[in-house]
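# Understanding the architecture of this molecule
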Amino acid sequence: MKSMGKWLKMQWIYKEFRILVMGMLSITAMLGIKFYFFEFGILKTFRYLILLWCLTAAAWIDYRSRKIPNILLLVLLLCGAAVLTGECLCCGEYAVELLFSSAMGFLTGGGIFLMYYLFTGGGIGAGDVKLFAVLGYYLGAVYILTALFLTVLTAAFYSVAALLTKKATLKQEIPFAPFVLAGTVLTMMLEVWDVL
């Protein structure tokens, strides 16, 4: 816990980090209230908020270092498993459906990106493959496809804009986790506003 506080203090000097944290606090408050009125239940709300904040950390780290730490993904997976266990215990009649959806989301998210990773010879990083597997575990089989589509769409818009404004070149690598965060936030917003 002490090392996390030290890390946050070190990152706070960056203006982009402060903007990201303030933006995510606003989004968290807005989605938290909407989750409550949407009757998600405390555990599903907690699962989504854990996901948002861990994705925020992953996005920042990927932006700064072009890597997603395995320890962060492991923590995210373990927290997700704990919350999912609680959800299954509270909603016994839906336990099998919840477990199946999480397993299929994990396989779908990880599988699609693993195929892309293998066929492109590393066009994306292995951390992105693992991140999408964990994301699928949290969102389930249905919403992972929406998150994947919105992630790729936001990354494409950014890439085109960066190329047109000459802020990037075709050979330049861009961190993918920030777009995963954006795609996930958009997916959650669409879910709670009954668009999906």
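Scope of this entry: the structure provided in the associated data block. Throughout this description, residue numbers start from 1 for each chain and increase along the sequence as written. Under the rules for a predicted model, residues below a pLDDT of 70 receive no local features and side-chain atom pairs below 80 are neither given nor counted, while totals for whole chains, interfaces and linings still include all residues. The basis for every side-chain value is the complete set of non-hydrogen atoms in the structure, without hydrogens or water.

### Quick look at the packing of aromatic side chains
The test is simple: When two rings of Phe, Tyr or Trp (its six-membered ring) have centres within 6.5 Å they constitute a pair, described as stacked for plane angles under 30 degrees, edge-to-face for angles over 60, and tilted for the intermediate range. Only runs of H or I of at least four residues qualify as helices and only runs of E of at least two qualify as strands under DSSP, and these elements are numbered from the N terminus. Accessible area is worked out with a 1.4 Å probe on protein chains only. A residue is then buried under 20% of its type maximum, exposed over 50%, and partly exposed in between.
According to the stated counting rule, one finds 8 aromatic pairs in the structure shown. Each ring, one from Tyr-14 and one from Trp-60, has its centre 5.8 Å from the other, and the planes form 50°; the classification is tilted. Of this pair, Tyr-14 sits in the loop between helix H1 (2-11) and helix H2 (15-37) while Trp-60 is found in helix H3 (residues 42-65), placing the two residues 46 residues apart along the sequence. A residue is classified by how much of its surface remains accessible, and Tyr-14, at 26% relative accessible area, is partly exposed. Its relative accessible area of 3% is what places Trp-60 among the buried residues. A ring pair is formed by Tyr-137 and Tyr-138, whose centres lie 6.3 Å apart and whose planes are at 80°; its orientation type is edge-to-face. For Tyr-138, a relative accessible area of 1% gives the class buried.

### Brief notes about H2
Here is the rule: Given the number of residues in a helix, its expected span is that number minus one, multiplied by 1.5 Å.
Its 23 residues place the ends of H2 33 Å apart at the C-alpha level, agreeing with the 33 Å of an ideal helix rising 1.5 Å per residue. Restricting attention to buried positions, one finds in H2 the residues Phe-17, Val-21, Met-24, Thr-28, Leu-31, Gly-32 and Phe-35.

### A look at the nonpolar core
We apply this condition: Throughout this description, the term nonpolar core refers to a set of buried Ala, Val, Leu, Ile, Met, Phe, Trp, Tyr and Cys residues connected via side-chain atoms within 4.5 Å. Residue contacts are defined here by distance: any two heavy atoms, one from each residue, within 4.5 Å place the two residues in contact.
One finds Leu-51, Phe-132, Leu-135, Leu-139 and Met-188 to be the most contacted residues of the largest nonpolar core, which totals 44 residues. Elements that contribute at least two residues to this core include exactly H2, H3, helix H4 (70-90), helix H5 (95-119), helix H6 (126-164) and helix H7 (177-192). With 13 residues, H6 is the single largest residue contributor to this core. The contacts of Phe-132, once residues within four sequence positions are left out, are Gly-109, Gly-110, Phe-113, Ile-144, Ala-147, Leu-148, Thr-151, Phe-176 and Val-180.

### Remarks on the pattern of salt bridges
The line we're drawing: When a carboxyl oxygen of Asp or Glu lies within 4 Å of a side-chain nitrogen of Lys or Arg, that pair is called a salt bridge.
Applying the stated rule across the entire model yields 2 salt bridges. Salt-bridge contacts for Lys-44 lead to Glu-191; the nearest nitrogen and oxygen are separated by 3.2 Å. Taken together, the residues Lys-44 in helix H3 and Glu-191 in helix H7 connect sequence positions 147 residues apart. Judged on exposure class, the residue Lys-44 and its partner Glu-191 are both buried. Among the ionic pairs, Arg-47 bridges to Glu-87, the shortest N-O distance being 2.8 Å. Here Arg-47 is found in helix H3, whereas its partner Glu-87 is found in helix H4, with 40 residues between them in sequence.

### Thoughts on the packing of H6 against H7
Spelled out, the test is: Note on definitions: angles span 0 to 180 degrees between N-to-C directions of axes, and those axes are lines fitted to C-alpha atoms, for helices only across the stretch in contact. Here is the rule for angles: anything less than 35 degrees is roughly parallel, anything more than 145 is roughly antiparallel, 65 through 115 is roughly perpendicular, and the remaining ranges are oblique. In this count, Pro and Cys sit with the nonpolar residues alongside Ala, Val, Leu, Ile, Met, Phe, Trp and Tyr, while Asp, Glu, Lys and Arg are called charged and the others, Gly among them, polar.
In the contact formed by H6 and H7, the axes pass within 7 Å of each other and the chain directions differ by 110°. One element, H6, and the other, H7, form an angle in the roughly perpendicular class. Considered class by class, the residues forming the contact of H6 with H7 number 16 nonpolar, 6 polar and 2 charged.

### Comments concerning the packing of H3 against H6
Put simply, the rule reads: Should the near helix be turned anticlockwise from the far one by less than a right angle, the crossing is termed left-handed; should it be turned clockwise, right-handed.
Where H3 meets H6, the axes come as close as 12 Å, and the angle between the chain directions of the two elements is 155°. Taken together, the axes of H3 and H6 lie roughly antiparallel to each other. Of the two possible hands of crossing, H3 and H6 adopt the one that is left-handed. Here Arg-47, Tyr-48, Ile-50, Leu-51, Leu-55 and Asp-62 of H3 lie close against H6, whose contacting residues are Asp-128, Leu-131, Leu-135, Tyr-138, Leu-139 and Tyr-143.

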